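Per-entry structural report
Chain by chain, the residues:
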Amino acid sequence: MDAFRPSPEDHLIDNGQVYCPRRKRDVEFDLCAGCAWTQSIDLHVTPPVVRCAPDSSPGWLIRPWV
Ligand code: SF4
């Protein structure tokens, strides 16, 4: 395991929303499709899940308004 890469986390999609660990709030899961931290989006499981590995990038790289 690469010590410099964070472990991916599973975030369940509920009514089109997913808890975003970077923004610390629920976001539309569409946002994950264009997110640099997305590793996979699986809509064929129940419940659907986004797997992402947010890193420690500085906050100014995040667009909290989207
Ligand atoms: S993929 Fe990006 S937008 Fe989606 S939950 Fe993870 S960090 Fe947030």
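Before any of the text, the structure's been laid out above.
Residues numbered from 1 in each chain as written. Predicted model: local features only at pLDDT ≥ 70, side-chain atom pairs only at ≥ 80, totals over all residues.

Scanning the chain from N- to C-terminus turns up one helix and five strands. Reading the helices (α) and strands (β) of the chain from amino to carboxyl end gives β-β-β-α-β-β. For the chain, with 66 residues in total, the buried portion stands at 12%. (Helix = DSSP H or I, 4+ residues; strand = E, 2+ residues; numbered from the N terminus. Buried ≥ 20, exposed ≤ 12 C-beta atoms within 10 Å, placed from the backbone.)

This next bit is on the site of the ligand. Close to the ligand lie 14 residues; Cys20, Cys32, Cys35, Thr38 and Cys52 are nearest. For the shell around the ligand, the secondary-structure elements that each account for two or more residues are strand E2 (17-20), helix H1 (30-33) and strand E5 (49-52). (Near = placed C-beta within 6 Å.)

In terms of nonpolar packing, the biggest core is built from seven residues, these being Val18, Cys20, Phe29, Cys32, Cys35, Val50 and Cys52. The residues contacting Val50, other than those within four sequence positions of it, are His11, Ile13, Val18, Phe29, Cys32, Thr38 and Ile41. (Core = buried A, V, L, I, M, F, W, Y, C linked by C-beta atoms within 7 Å. Contact = placed C-beta atoms within 7 Å.)

A few words on the pairing of strand E1 (residues 9-14). Note: E1 against E5, four bridges, orientation antiparallel. Bridge pairing in E5 links Asp10 to Arg51. From the end of E1 to the start of E2, which pair antiparallel, there are two residues, and Asn15 there has a positive phi angle of about 55°. (Pairing = 2+ DSSP bridges.)

Another point: the sheet that holds E2. On the basis of which strands lie adjacent, the open sheet formed by five strands has the order E3-E2-E1-E5-E4 and antiparallel pairing. The two strands at the open ends of the sheet, each matched to only one other strand, are strand E3 (25-28) and strand E4 (38-42). Strand-to-strand twist of the sheet, defined as the mean angle between neighbouring strand axes without regard to direction, takes the value 30°. Where E4 lies against E5, four bridges are found, and the strand directions are antiparallel. Bridge pairing in E5 links Thr38 to Cys52. (Axes fitted to C-alpha atoms, helices over the stretch in contact; angles between N-to-C directions.)

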